[in-house]
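As a plain string of letters, each chain reads:
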Amino acid sequence: MIVEDDVKKILIAYSGGLDTSCMLHWLKKKYKAELYAYCADLSGMSLAEKNKIIRKGLATGAKKVIVEDMRDEFMRNYVFPALKADAVYDGEYFMATAIGRPLIASRLAHYARKYGIKTVAHGCTGKGNDQVRFETGLYSLVKDVEMLAPLRFWEFRTREEEVAYAKKNNIPVSAGSKKYSLDENIWGVAIECGRLEDPSLPPPADAWQWTGGKLKKRETKITLSFRKGVPVAVNGRVMKPVAIAEKLNALGSAHKIGRADIIESRIVGIKSRELYESPAAKIISAAHFDLERMVLDRETLHYKEKLAKDFSLLVYNGRWFSPLREALSAFVDVTQKNVTGSVTMVLRPWSFEIISRVSPYSIYSRSLATYAVGDKFDRSLAEGFIKLSCMDIAKRG
Ligand code: ARG
């Protein structure tokens, strides 16, 4: 429970958008507290964009605005664990947003401790998943912190009311009404609301944020190399995680790869219609799984597929910092010991095809698999093997 008079300082998860800008102003008025605004850059802002957010936050009433580039940490400690686990929600969603929230929560926890702040606010609505992820994330990292979600109880019901409040209070808002609600980071973009709310209609062309440009028709052949389950090089060139994601997002977007249009089952019990674009996630995940099929023994591979489902549910549900997620990640890391090698694929308009793979840890044996000369497989073992293994269901007598 928040006791209004006790709130001296508030840390805000801030983006500089309409919701969090109004929230900043509104909180200052209501609680008369010192406000600290925190913004994690997970998609790569220019210096000008960064400065704009800082200026805007200060002008709206923050005492301090922190913007930090967290892309490298995001890729290494959030995206890669999910990639290694082959975590995908409901078959299509690579969970860019869901993976980003715990990182933001951990930075909020850090700054709450640093500045001795006991109240942390976010700008999520009462209907979405992100409120669950921010709050669960923070509560699992720090004691003695209360989270505040003004959008669940303030007086504004619509965007128009927020715009009116912003105008009245000289809060800078970007011109033009927004058609969709977006959440974007280096692992993908999520698009919802507006005309997408009728799932019987196809998405308008302007809904696609990354893949809506000119279609690249000529094929692109790429080789992606992995070391212990994470991508380390493209076409033989060693690159940092952020650079790999950016390169594959650019290439994949040009080929319009990585779109999804799904009805999603939210944590709070409702269905929503969402679009996703995640070209790099789609390409890297497919290559990763392809390599796993070659280097993992059958049992581990299949066990891991079951685990992927549980892992993705934990992540989707905001339970990143739970003992179970950490234990599953530890298991996954053991399985990735030999997921080293290269996968070659051809990117085409709208899709791609994996055409070859090599690994020093491959357990594919050509001499066992071949139907040609050099076959080392002992065929005589098959008869007894089958009779024994089906004894329990074979007709007797
Ligand atoms: N439905 C997705 C999730 O819960 C994406 C939410 C992104 N937010 C947005 N404003 N579009 O992970």
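Residues numbered from 1 in each chain as written. Predicted model: local features only at pLDDT ≥ 70, side-chain atom pairs only at ≥ 80, totals over all residues.

Brief notes about helix 2 (residues 47-60)
- For helix 2, spanning 14 residues, the distance from its first C-alpha to its last is 20 Å, which sits close to the expected 20 Å at 1.5 Å a residue.
- Taken residue by residue, helix 2 has Ile53, Lys56, Gly57 and Thr60 as its buried positions. Taken down its axis, helix 2 places every buried residue within 100° of arc, on the same side. Opposite its buried face, helix 2 presents the exposed residues Leu47, Ala48 and Asn51, each directed more than 90 degrees away.
- Each element contacted by the buried residues of helix 2 is listed here: helix 1 (18-31), strand 2 (34-41) and strand 3 (64-69).
- Just downstream of helix 2, Gly61 is the residue with a positive phi angle, here 125°. (Helix = DSSP H or I, 4+ residues; strand = E, 2+ residues; numbered from the N terminus. Expected span 1.5 Å × (residues − 1). Buried ≥ 20, exposed ≤ 12 C-beta atoms within 10 Å, placed from the backbone. Arc of directions from axis to C-beta. Contact = placed C-beta atoms within 7 Å.)

Overview of the packing of helix 9 (residues 298-316) against helix 10 (residues 323-335)
- Their axes nearest at 11 Å, the elements helix 9 and helix 10 cross at an angle of 150°. In this view, helix 9 runs roughly antiparallel relative to helix 10, as classed from their interaxial angle. Seen along the crossing, helix 9 lies across helix 10 with a hand that is left-handed. Facing helix 9, whose interface residues are Thr300, Lys304, Leu307, Asp310, Phe311 and Leu314, helix 10 presents Leu324, Arg325, Leu328, Phe331 and Thr335.
- When its residues are assigned to classes, the contact of helix 9 with helix 10 shows six nonpolar, two polar and three charged. (Axes fitted to C-alpha atoms, helices over the stretch in contact; angles between N-to-C directions. Parallel < 35°, antiparallel > 145°, perpendicular 65-115°, else oblique. Left-handed = near helix turned anticlockwise from the far one by under 90°. Nonpolar A, V, L, I, M, F, W, Y, C, P; charged D, E, K, R; others polar.)

A short note on the packing of helix 4 (residues 96-114) against helix 5 (residues 130-139)
- Close contact between helix 4 and helix 5 brings their axes to 8 Å; oriented N to C, the two are set at 40°. Judged by the inter-axis angle, helix 4 sits oblique to helix 5. As helix 4 runs across helix 5, the sense of the crossing is right-handed. Across the interface between the two elements, Thr97, Ala98, Arg101, Pro102, Ala105, Ser106, Leu108 and Ala109 of helix 4 pack against Asp130, Arg133, Phe134, Gly137 and Leu138 of helix 5.

Focus: the domain arrangement of the protein chain
- You can read the domains of the protein chain as domain 1 (4-71 + 86-178) and domain 2 (184-358).
- Distance between the C-alpha centres of domain 1 and domain 2: 27 Å.
- Across the boundary between the two partners, domain 1 contributes 28 residues, which contact 33 residues of domain 2.
- Elements with a contribution of two residues or more to the side of domain 1 that touches domain 2: helix 4 and helix 5.
- For the side of domain 1 that touches domain 2, the leading source of residues is helix 4, giving seven residues. (Domains from an automatic or database assignment.)

Focus on the site of the ligand
- Close contacts around the ligand come from Thr97, Ala98, Asn129, Ser181, Leu182, Asp183, Ala190, Glu192, Glu264 and Glu274, and that covers them all.
- Of all the elements in the fold, those that place two or more residues in the shell around the ligand are helix 4, strand 6 (181-185) and strand 7 (188-192).
- Considering every element that reaches the shell around the ligand, the biggest residue donor is strand 6, with three residues.
- Of the residues assigned to the shell around the ligand, the class counts are three nonpolar, three polar and four charged.
- When residues of the shell around the ligand are assigned to domains, at least three fall in each of domain 1 (4-71 + 86-178) and domain 2 (184-358). (Near = placed C-beta within 6 Å.)

Notes on the sheet that holds strand 3
- Read from one edge to the other, the open sheet built from five strands follows the order 3-2-1-4-5, with strand pairing classed as parallel. Every interior strand has two partners, whereas the edge strands, strand 3 and strand 5 (146-148), have only one. Between one strand axis and the next, the sheet turns through 25° on average, direction left out of account.
- Here strand 4 (residues 119-121) runs beside strand 5; their pairing, made up of three bridges, is parallel. Across the sheet, Ala121 pairs through a bridge with Leu148, a residue of strand 5.
- Contacting strand 1 (9-13), strand 2 and strand 4, helix 1 runs over the sheet at an angle of about 170° to strand 1.
- Helix 2 rests against strand 2 and strand 3 of the sheet, and its axis sits at about 160° to strand 3. (Pairing = 2+ DSSP bridges.)

Quick word on the sheet that holds strand 9 (residues 230-234)
- Ordered in space as 10-9-8-13-14, the five strands form an open sheet in which the pairing is antiparallel. Only two strands of the sheet have a single neighbouring strand rather than two, namely strand 10 (237-238) and strand 14 (351-358).
- Looking at chain direction, strand 8 (residues 220-227) and strand 9 are connected through four bridges and run antiparallel. For Phe226, the partnering residue across the bridge sits in strand 9 and is Pro231.
- Against the sheet, helix 7 (residues 241-254) makes contact with strand 8, strand 9 and strand 13 (341-348), and its axis sits at roughly 70° relative to strand 9, the strand it touches most.

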